Amino acid sequence: MAMAESNRRIIYALHLVGWDFEHGNRDLLKRDAVKLAPSEYQMEMDGTLFCPVCFTNLNRVPKQKEHFSNGREAYFCHLPAYKEIKCDLRSSRPEGKRYETHEEAQKAIDDESLVIVSGFMKDKPEFRKGLAGEYEETLVEDLAGPISDVPIARHTGESFKLPSKITTVAGICRNFDTNLYKYYYFPNQKYSFRLVDLLHSVERIQEIDDKPKLYFGIIESTVHLGEQKKPDNIRMTYLRNNQQRVKDFCIKLQDRHQKSHGITDASIGRIVIVYGKISDNGTGLCFQNLGWGEFALLPRIYEGLLS
């Protein structure tokens, strides 16, 4: 189940005192605004909260409580006064983005509002080389992929040949708040979708799925198997899942592979994002055989956006 199905497509509002939709500079709003989750709302913020996509004013519903009477969490919604302003976040059901021309799609790529992903890195990339010929501390997160034939044209049956990236989940997690509202085209999709609509919660998964998707889950426990705790031993990292038919749900990979991504005995409570298939694991489910670029811990600064 994708995040869109929880009526929380507006994950955060842009908060900036003194800005208004009719006269404000949007670049200034995007640069200076504070991103606030519904749980961070305060009454005095009324009139200073804006949509991250269409930039019109937002309300929090309900205003004075964190939950509805049925237990549903408070959320942001658009004001009726701006109903003529088109914004796909008004809908609880995501729509795939399609483009009129090749030039329009290429411009979206150049503007970094559209990302064509042809694949995720399977092997560990090299360190980035600096100007002086020395290697920097950060790994390469994106490589130029092939020119891909992607079905994102407005007209049915047409497609565009566009440059793609071979990327990593870690690269998506970097500037995660900004990336949430970019459009992404992953392999074998029919259209491009906003990243927020491509994320699926592990908590709601109850069966195997051979089609790789993007998932997020909260680490509840993690166990390095084997008495001698060798790096090549399997580490079972268990993720929160509340489905009765699923005994447990884990990431099943070698300890050294998980540790190189920051997953250790101290990772309980952290959010991990995975691009992969869901496999059977006895009476439970798991992610296994993940490539280097197919999983990453979400930086703590962004955890409130998915909690």
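Computed from a predicted model, the values in this text were never measured in an experiment. (Residues numbered from 1 in each chain as written. Predicted model: local features only at pLDDT ≥ 70, side-chain atom pairs only at ≥ 80, totals over all residues. Heavy atoms only, no water.)

(A) Main features of the pairing of strand 15 (residues 234-239). Of the strand pairs in this sheet, strand 14 (residues 209-224) and strand 15 are connected by 5 bridges, and their pairing is antiparallel. Bridging across to strand 15, Val223 finds its partner in Met236. Here 5 bridges tie strand 15 to strand 16 (residues 249-254), and the two strands are oriented antiparallel to one another. The residue bridging Tyr238 from the neighbouring strand is Cys250, located in strand 16. (Pairing = 2+ DSSP bridges. Helix = DSSP H or I, 4+ residues; strand = E, 2+ residues; numbered from the N terminus.)

(B) Highlighting the nonpolar core. Grouped together as the largest cluster of nonpolar side chains are 50 residues, with contacts concentrated most on Phe176, Leu180, Phe186 and Ile273. When residues of this core are traced back to their parent elements, those giving at least two are strand 1 (13-15), strand 3 (49-50), strand 6 (114-120), helix 3 (169-173), strand 14 and strand 17 (271-281). Ignoring anything within four residues of it in the chain, the contact list for Leu180 reads Ile11, Tyr12, Arg194, Leu195, Val196, Leu199 and Leu305. Counting residues in each nonpolar core, the second largest holds 18 residues, with Leu239, Leu285, Leu290 and Leu297 among its members. (Core = buried A, V, L, I, M, F, W, Y, C linked by side-chain atoms within 4.5 Å. Buried < 20%, exposed > 50% of the residue type's maximum accessible area, 1.4 Å probe, protein only. Contact = heavy atoms within 4.5 Å.)

(C) Representation of unusual backbone geometry within the structure. Cis geometry is found at the peptide bond from Val61 to Pro62, where omega equals -10°. Relative to the elements of secondary structure, Pro62 occurs in the loop between strand 4 (58-61) and strand 5 (75-78). Backbone geometry places Glu112, a non-glycine residue, at a positive phi of 65°. Relative to the helices and strands, Glu112 is located in the loop between helix 2 (102-110) and strand 6. Unusually for a residue other than glycine, Asn289 sits at a positive phi of about 55°. Among the secondary structure elements, Asn289 is positioned in the loop between strand 18 (284-288) and strand 19 (295-297).

(D) Up close: the confidence of the model for the protein. Summing up the model confidence of the protein, the mean pLDDT is 90 and the portion of residues at 70 or higher is 91%. Within the model, the stretch residues 1-6 combines pLDDT values under 50 with 20 contacts to residues more than four positions away or in other chains. (pLDDT = per-residue confidence, 0-100.)

(E) Structural context of the sheet that holds strand 1. An order of 2-1-3 is seen for the 3 strands of this open sheet, with the pairing classed as antiparallel. Only two strands of the sheet have a single neighbouring strand rather than two, namely strand 2 (34-36) and strand 3. The sheet contact formed by strand 1 and strand 2 spans 3 bridges and is antiparallel. When the bridges of strand 2 are listed, His15 appears paired with Val34.

(F) Representation of the pattern of salt bridges within the structure. Scanning the entire structure with this criterion turns up 19 salt bridges. Between Glu294 and Lys122 there is a salt bridge; the shortest N-O distance is 2.7 Å. Of this pair, Glu294 sits in the loop between strand 18 and strand 19 while Lys122 sits in the loop between strand 6 and strand 7 (127-129), and the two are 172 residues apart along the sequence. Residue classification places Glu294 among the buried residues on the basis of a relative accessible area of 7%. (Salt bridge = Lys/Arg side-chain N within 4 Å of Asp/Glu carboxyl O.)

(G) Summary view of helix 2. Turning to helix 2, its buried residues are Ala105, Ala108 and Ile109. End-on, the buried residues of helix 2 take up no more than an arc of 100°, which puts them together on one face. Helix 2 presents Glu103, Lys107 and Asp110 as exposed residues on the side facing more than 90 degrees away from its buried surface. Buried-residue contacts for helix 2 involve strand 6 and strand 10 (160-167). Trailing helix 2 by a residue or two, Glu112 shows a phi angle of about 65°, which is positive. (Arc of directions from axis to C-beta.)

(H) Region of the structure containing the side chain of Asn57. Along the chain, Asn57 falls in the loop between strand 3 and strand 4. Polar contacts involving the side chain of Asn57 include one to the main-chain carbonyl oxygen of Gly47, which spans 3.4 Å. (Polar contact = N/O pair within 3.5 Å; in protein donor to acceptor, adjacent residues only side chain to side chain.)

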